[in-house]
Amino acid sequence: MKITRRDILLGAGAGLVTTAATGMARAQSQGHDMSQMKEPAAPPEAPPVSRPRAGKVRTLNGWTLPYRMNGGVKEFHLVAEEFEHEFAPGSKAICWGYNGSTPGPTIEATEGDRIRIFVTNRLREATTIHWHGLILPSGMDGVGGLNQPQIKPGETFAYEFTLKQHGTHMYHPHADEMVQMAMGMMGLLIIHPKRGEAVPVDRDYAFLLHNFALHPGTRRPDPAIMQDFDLWTFNSKVFPAIEPIVARTGERVRIRVGNLSMWNHPIHLHGVQFHITGGDGGRLPRSQWRTEVTEIVGVGQMRDIEFTAVPGDWAFHCHMSHHTMGPMGHDIPNTIGVDQRGVEAKIRQMLPGYMAMGEDGMGEHQDHTDGGMPGPPNTLAMMAGKGPFGNIEMGGMFTVVKVRDDLAPGDFSDPGWYRNPAGSVARRVSNDPAFGNPPRRPR
């Protein structure tokens, strides 16, 4: 039996809602410090300007939220709102997020900073923000009804605290969480160490893993789905719309990966062995680094991986094979090995344009879609993207790490496809299926 978010919501029953007035009165009666309840300063009227768009960390397909200084406090402003988002050309949906994007803009600050984050709610239901993994006062933790009143439509709340740690963190709602996160509400919060890093990195990337259920022909993600997703994303984009990770040969590269999807993801990088160097808890001592080529990033976890870039084009993807595929039916019949001769003409009498496929595998899918086979409205091909040698036959959680000898420091532009040195590409040596005399297992 398939379990949906709707099943859980229907079975959960009614919860107890505590009003803000009751919470304040109780806190006062117990002698708690109410200084956090003081009225904060008004949010900035003009867009704050202090940090370049990319920040210290490059967020794939994303951006870093600027701030302004106000009395020694860094002020940021997030707006929860609805907007149209494009997962890749040919697939758009009405999503929820922050400041016009999903994920929302990356917040960057430094350990020891005092920060104030204004959160304006332009949704039609209440929301909050939880600062995932941060050490802060209970009243700033963002669980609606438990730590604070809900932020009602039209309201602006202020969160203020001092950053007591460094590391890779996230933010997301803790109000109607399953719906709001399923609609795209999440973002990265990265805290840089106050004293710098013993082993500096040259390029610092970050992205969030997520999934969306966008049924063919629809315009809004379905928050009631927990398993049968059809859009597996890096920063709410699917391949080939995901930006490449670019580096110069010999540079030290860090990739920060967070998971706010409904599934765990074994993230695999070709071409190198990387070190797991940190995550939510900050950068680990070097003695605790471990070498991997694949790392499972569990739901709600952050992982930082680091490596020295070697020249080439290297695949970087989730190793769940169906997570590197685009939308596909989950209950279709298995046609592998089925003789479909004649069936295509018969079905076309009822469904013009129908093409039979799947008899020999799914690899032909991209050829069909490239050849003009129409798909359902507002959906994507199961496989997409072309490389220098033909179809890549990937989608979803997939991108390419592109390393070049002649790339200028600080240049993040796509250098195109790698020019392999002569004699270093696998090549065809025969067209004869009976080539050679390969051994067989003895009977």
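Computed from a prediction, not measured in an experiment: that's the story for all the values here.

1. Details of the pattern of salt bridges
Charged atoms that come close allow side chains of opposite charge to pair.
So, step 1. According to the stated counting rule, one finds 21 salt bridges in the structure shown.
So, step 2. Close ionic contact of Glu 295 with Arg 303 constitutes a salt bridge, the shortest N to O distance being 3.1 Å.
So, step 3. Asp 414 serves as the salt-bridge partner of Lys 402, at 2.9 Å between the closest nitrogen and oxygen. Placement of Lys 402 in strand S24 (residues 398–404) and of Asp 414 in the segment after S24 is noted, with a sequence separation of twelve residues between them.
So, step 4. The buried category is assigned to Lys 402, whose relative accessible area is 4%.
So, step 5. Residue classification places Asp 414 among the partly exposed positions, given a relative accessible area of 46%.
So, step 6. In the salt-bridge network here, residues are joined through shared partners; they are Glu 197, Asp 204, Arg 252, Arg 254, Arg 256, Arg 283 and Glu 306.

2. Considerations on the sheet that holds strand S10 (residues 187–192)
So, step 1. Spatial strand order, S5-S10-S9-S7: four strands in an open sheet with mixed pairing. The sheet is open, and its two borders are formed by strand S5 (107–110) and strand S7 (130–132), each paired with just one other strand. Each strand axis lies, on average, 25 degrees off the axis of its neighbour in the sheet, ignoring direction.
So, step 2. As judged from the three bridges shared by S7 and strand S9 (residues 167–172), these two strands associate in the antiparallel manner. Note on S9: the bridge partner recorded for His 130 is His 172.

3. Some thoughts on the pairing of strand S14 (residues 252–259)
So, step 1. Buried residues dominate S14, accounting for eight of its eight residues.
So, step 2. Alternating residues of S14 divide into Arg 252, Arg 254, Arg 256 and Gly 258 and Val 253, Ile 255, Val 257 and Asn 259, and every residue in both groups is buried.
So, step 3. Strand direction decides the pairing type here: strand S11 (residues 203–212) and S14, joined by seven bridges, are parallel. Residue pairing for S14: Leu 209 is matched across the bridge by Asn 259.

4. Section: the nonpolar core
So, step 1. Among the nonpolar cores identified, the biggest contains 32 residues, and Phe 207, Leu 209, Ile 255, Phe 307 and Phe 316 are the most heavily contacted of them.
So, step 2. The dominant element in this core, judged by the number of residues it contributes, is S24, at four residues.
So, step 3. Apart from the residues within four sequence positions on either side, Phe 307 is in contact with Glu 251, Arg 252, Val 253, Ile 255, Leu 269, Val 272, Gln 273, Phe 274 and Val 401.
So, step 4. The next biggest cluster of nonpolar side chains, apart from the first, holds 28 residues, and it includes Trp 96, Tyr 98, Ile 129 and Met 185.

5. Things to note about unusual backbone geometry
So, step 1. Residue Pro 103 is reached from Thr 102 by a cis peptide bond, and omega for that bond is -10 degrees.
So, step 2. For Pro 103, the position within the fold is in the loop between strand S4 (91–98) and S5.
So, step 3. You will see that Ser 236, though not glycine, has its phi angle at about 60 degrees, which is positive.
So, step 4. Tracing the backbone through its elements, the reader meets Ser 236 in the loop between strand S12 (231–234) and strand S13 (245–248).
So, step 5. Using a relative accessible area of 1% as the deciding quantity, one classes Ser 236 as buried.

6. Examining the packing of aromatic side chains
Remark: the centre distance and the inter-plane angle together describe each pair of aromatic rings, the angle taken between the planes.
So, step 1. Inspection of the entire model under this criterion finds eleven aromatic pairs.
So, step 2. Measuring from centroid to centroid gives 5.3 Å for Trp 131 and Tyr 159, while their planes differ by 80 degrees, and the two rings are edge-to-face. Of the two residues, Trp 131 sits in strand S7 while Tyr 159 sits in strand S8 (residues 156–162), which places them 28 residues apart along the sequence. In terms of burial, Trp 131 and Tyr 159 fall into one category: buried.
So, step 3. Between the aromatic rings of Phe 207 and Phe 234, the centroid separation amounts to 4.3 Å while the plane-to-plane angle is 25 degrees, which identifies the pairing as stacked. Within this pair, whereas Phe 207 is found in strand S11, its partner Phe 234 is found in strand S12, the two being separated by 27 residues in sequence. An identical accessibility class is assigned to Phe 207 and Phe 234; each is buried.
So, step 4. An aromatic cluster of three or more residues is present, and its members are Tyr 98, Trp 131, Tyr 159, Phe 161 and Tyr 171.
So, step 5. The ring centre of Phe 412 lies 4.8 Å from the NZ or CZ of Arg 203, which sits over that ring.

Cut-offs and rules
Residues numbered from 1 in each chain as written. Predicted model: local features only at pLDDT ≥ 70, side-chain atom pairs only at ≥ 80, totals over all residues. Heavy atoms only, no water. Salt bridge = Lys/Arg side-chain N within 4 Å of Asp/Glu carboxyl O. Helix = DSSP H or I, 4+ residues; strand = E, 2+ residues; numbered from the N terminus. Buried < 20%, exposed > 50% of the residue type's maximum accessible area, 1.4 Å probe, protein only. Pairing = 2+ DSSP bridges. Axes fitted to C-alpha atoms, helices over the stretch in contact; angles between N-to-C directions. Core = buried A, V, L, I, M, F, W, Y, C linked by side-chain atoms within 4.5 Å. Contact = heavy atoms within 4.5 Å. Phe/Tyr/Trp six-rings, centres within 6.5 Å; stacked < 30°, edge-to-face > 60°. Lys NZ or Arg CZ within 6 Å of the ring centre and 35° of its normal.

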